[in-house]
Amino acid sequence: MSAHVLTRWEPENSAFWQQEGRAVARRNLWISIPALLLAFAIWQVWSVAVVNLPNIGFKYTPNQLFWLAAVPALSGATLRIFYSFMVPIFGGRLWTTLTTASLLIPAIGLGLAVQNPNTSYVTMMMLALLCGFGGGNFSSSMANISFFFPKAEKGTALGLNAGLGNLGVSVVQFVVPLIITMGVFGAIGGESQIWVKGDQTKQIWLQNAGFVWVPFIIVSSLAAWFGMNDIASAKASFADQAVIFSRKHNWLMCWLYLGTFGSFLGFAAGFPLLIKSQFAGVNPTQYAFLGALVGGLSRPFGGWLSDKIGGAKVTQFVFLGMIAGVMGVLAFLPHGGQGGNFWGFFACFLALFALTGIGNGSTFMQVPAIFSTLHQRLAAGKGGEAQQQAVASANKEAAAVLGFSAALAAYGGFFIPKSYGTSIELTGGVEAALYAFIVFYVSCVLINWWYYARKNAEVPC
């Protein structure tokens, strides 16, 4: 048995947790967070890179640019379905190492491709799809961390892992506009490109958008291999985990998480191009990173608050607030190219990002609570051994649901920016897409209230 495999792991045993469990769990968490941050950075790097492509000679239509911003979410969401079940099969340490190292492929590929404006659109689409490796990592990362912490601390731990990991979106949208202005890699980084807009010209190194992450990915992969652990009791086959597909609450939480995390990803992926398309005089790279920053920082707060007052209450507030936020965005948009108020629009979107972050934390607190309650009900009155088995079964199912719900929610990162492009193409504006979001959030309010938040709900949490 490897020294990295934990043969005894009892986080609900307070003596074990205080004496040795907490230190090990925290070490794994603090290695997991930067690995997940890098995964998000690679996943969302195209949301920034596409803004610069037309100015350095790439002849793409607005709809093609929205496609490049959207397809990483499509591939990432699809990979998440498979990644959701990998930690109990391969172990969190090995899987985190491999998936973090895999980020080198799209990072280096992007850096090479953008140096030649004759690179085919198909090649660029393939590289954008490969950035989905970063998206897949979220499901396995969250499933892995869920095994390490007791029920009372899961909301906070998962909120920290996801919230600080989500900051990769903000980091990439902040770092890339800066790093592409400098030839930091010298001769090995390639020649600069000439950026042209009207009578303005300047040198940029767009390849740095990919190359800048390479050394950090290497260091993070090594840290995962040498510093993380596997939990022997968390081992499970795909068949063991597939029971979640027959669980009603798996599908209900997938819907709610699509509303929170799917919205966060979609808003982040489409925000730079949305600003550019609606407010022609505004430089989107100066502001876009703030949305993801607010969303990432608010997620740990959502997890902590849910541990204190209950996830369903927090989730209910979040969706009601998001309905109001989208209505605010609609009020401040320009209509027919006229009017509009950028600062009102921007403030409403920051509020939406904050609410998605809080909701990400609250919904991920709900999942372990729901499955713990359901399995405890089944084991009631059957003795201590049945109670122990209920805890183990609840942990495995909750981990699988966390990963799978994150997989389906990631499709929001594709549909939201794509809905902007489609709405503009069909109606001349983005209003139709925003009205559709409101209808969806109303459905989330009703589902969460009926099953989890109301008095006498089926599974109050």
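Since this is a predicted model, take the numbers as computed values, not measurements. (Residues numbered from 1 in each chain as written. Predicted model: local features only at pLDDT ≥ 70, side-chain atom pairs only at ≥ 80, totals over all residues. Heavy atoms only, no water.)

Q: Help me understand helix α2 (residues 62-83), please; the structure alone is not making it clear to me.
A: Because an α-helix completes one turn every 3.6 residues, residues spaced three or four positions apart along the sequence face the same direction. Helix length check: α2, at 22 residues, gives a terminal C-alpha distance of 32 Å against a target of 32 Å (1.5 Å per residue), a fit within 8%. Taken as a whole, α2 carries its principal kink of about 35° at Ala 70; the proline Pro 72 stands between one and four residues after it. (Helix = DSSP H or I, 4+ residues; strand = E, 2+ residues; numbered from the N terminus. Expected span 1.5 Å × (residues − 1). Bend = angle between axes of the 7 residues up to and from the residue.)

Q: Would you explain empty space enclosed by the protein in this entry?
A: A water-sized probe rolled over the atoms picks out the places where empty space is left. The full count for this structure, using the stated rule, is three cavities of 30 Å³ or more. As a volume, the largest cavity reaches approximately 90 Å³. What lines the largest cavity is simply Ser 32, Ala 35, Leu 36, Trp 95, Thr 96, Thr 99, Thr 100, Asn 137, Ser 140, Ser 141, Asn 144 and Met 228. Grouping the amino acids of the lining of the largest cavity by side-chain chemistry returns four nonpolar, eight polar and no charged. Of the voids in this model, the second largest cavity is the one considered here, and its volume is about 70 Å³. Lining the second largest cavity are Val 87, Pro 88, Gly 91, Gly 92, Asn 144, Phe 147, Phe 148, Asn 229, Asp 230, Ile 231, Ala 234 and Lys 235. Going through the elements one at a time, α3 (86-90) and β4 (230-231) are the ones with two or more residues in the lining of the second largest cavity. (1 Å grid on protein atoms, 1.4 Å probe; cavity = no way out; pocket = protein on both sides within 12 Å on 5 of 7 lines; lining within 4 Å. Points joined across faces, edges and corners; volume = space filled by probe spheres on them. Nonpolar A, V, L, I, M, F, W, Y, C, P; charged D, E, K, R; others polar.)

Q: Help me out: how do you make sense of the environment of Gly 189 in this one?
A: Considering the arrangement of structural elements, one finds Gly 189 in the loop between α8 (151-179) and β2 (193-197). The exposure class of Gly 189 is buried, given its relative accessible area of 5%. For Gly 189, the residues in contact, after removing those within four places along its chain, are Gln 115, Gln 207 and Phe 211. (Buried < 20%, exposed > 50% of the residue type's maximum accessible area, 1.4 Å probe, protein only. Contact = heavy atoms within 4.5 Å.)

Q: Any chance you could explain the packing of aromatic side chains here in plain terms?
A: Aromatic ring pairs are defined here through the distance separating the ring centres and the angle between the ring planes. Scanning all chains against the criterion turns up 50 aromatic pairs. When the centroid spacing of 5.6 Å and the interplanar angle of 80° are considered together, the rings of Phe 40 and Phe 138 count as edge-to-face. Of the two residues, Phe 40 sits in helix α1 (residues 14-52) while Phe 138 sits in helix α7 (residues 132-146), which places them 98 residues apart along the sequence. Neither residue differs from the other here; Phe 40 and Phe 138 are each classed as buried. Aromatic side chains Phe 271 and Phe 349 sit 4.9 Å apart centroid to centroid with 40° between the ring planes, which places their arrangement in the tilted category. In this pair, Phe 271 sits in helix α12 (residues 248-278) while Phe 349 sits in helix α15 (residues 342-379), placing the two residues 78 residues apart along the sequence. Residue class for Phe 271 comes out buried when judged on its relative accessible area of 1%. (Phe/Tyr/Trp six-rings, centres within 6.5 Å; stacked < 30°, edge-to-face > 60°.)

Q: Explain the nonpolar core here, please?
A: Considering soluble globular proteins, one finds that nonpolar side chains tend to be buried as a cluster. Within the largest apolar cluster, 146 residues are counted, with the highest numbers of intra-cluster contacts made by Trp 46 and Tyr 420. Per-element accounting of this core gives the leading share, 19 residues, to α1. Those residues in contact with Trp 46 that sit more than four places away from it in its chain are Leu 53, Leu 68, Pro 72, Leu 110, Met 124, Leu 127, Ala 128 and Cys 131. (Core = buried A, V, L, I, M, F, W, Y, C linked by side-chain atoms within 4.5 Å.)

Q: Sorry if this is basic, but what is going on with the layout of surface pockets here?
A: Here the largest pocket defines a volume of roughly 550 Å³. Looking at the largest pocket, it is lined by 24 residues, and the ones nearest its centre are Asn 52, Trp 195, Lys 202, Asn 283 and Thr 285. Residue assignment for the lining of the largest pocket shows that the elements contributing at least two residues are α1, α8, β2 and β3 (200-204). In terms of residue count, the dominant contributor to the lining of the largest pocket is α8 (four residues). Tallied by class, the residues present in the lining of the largest pocket amount to twelve nonpolar, nine polar and three charged. Approximately 420 Å³ is the volume found for the second largest pocket. In this structure, the second largest pocket is lined by 14 residues; those nearest its centre are Trp 9, Glu 10, Val 391, Ala 392 and Asn 395. Per-element accounting of the lining of the second largest pocket gives the leading share, five residues, to helix α16 (residues 384-409). Split by residue class, the lining of the second largest pocket holds seven nonpolar, four polar and three charged.

Q: For this particular structure, what's the right way to read the side chain of Ser 220?
A: You can see Ser 220 is positioned in helix α10 (residues 214-227). Setting aside residues no more than four positions away along its own chain, Ser 220 makes contact with Pro 34, Ala 35, Leu 38 and Thr 100.

Q: Sorry if this is basic, but what is going on with the pairing of β3 here?
A: In the case of a regular strand, side chains alternate between the two sheet surfaces. Two elements, β2 and β3, share five bridges in a ladder whose sense is antiparallel. When the sheet's bridge partners are listed, Ile 194 is paired in β3 with Gln 203. Taking the residues that link successive antiparallel strands as the turn, the β2-β3 hairpin has two residues, and the phi of Gly 198 there is positive, at about 60°. (Pairing = 2+ DSSP bridges.)

Q: Would you explain the side chain of Asn 52 in this entry?
A: As for its placement among the helices and strands, Asn 52 is situated in helix α1. Given the relative accessible area of 11%, Asn 52 is considered buried. With sequence-adjacent residues up to four places away left out, Asn 52 is seen in contact with Ile 180, Trp 195 and Leu 206.

Q: What's the story with the packing of α12 against α15 in this structure? I'm lost.
A: For any two helices packed against each other, one specifies the crossing angle of their axes together with the interaxial distance. Packing of α12 against α15 leaves a shortest axis separation of 9 Å and a crossing angle of 155°. What the angle tells us is that α12 and α15 run roughly antiparallel. Note that α12 runs across α15; the crossing there is left-handed. In terms of residue class, the contact of α12 with α15 is made up of 21 nonpolar, nine polar and no charged. (Axes fitted to C-alpha atoms, helices over the stretch in contact; angles between N-to-C directions. Parallel < 35°, antiparallel > 145°, perpendicular 65-115°, else oblique. Left-handed = near helix turned anticlockwise from the far one by under 90°.)

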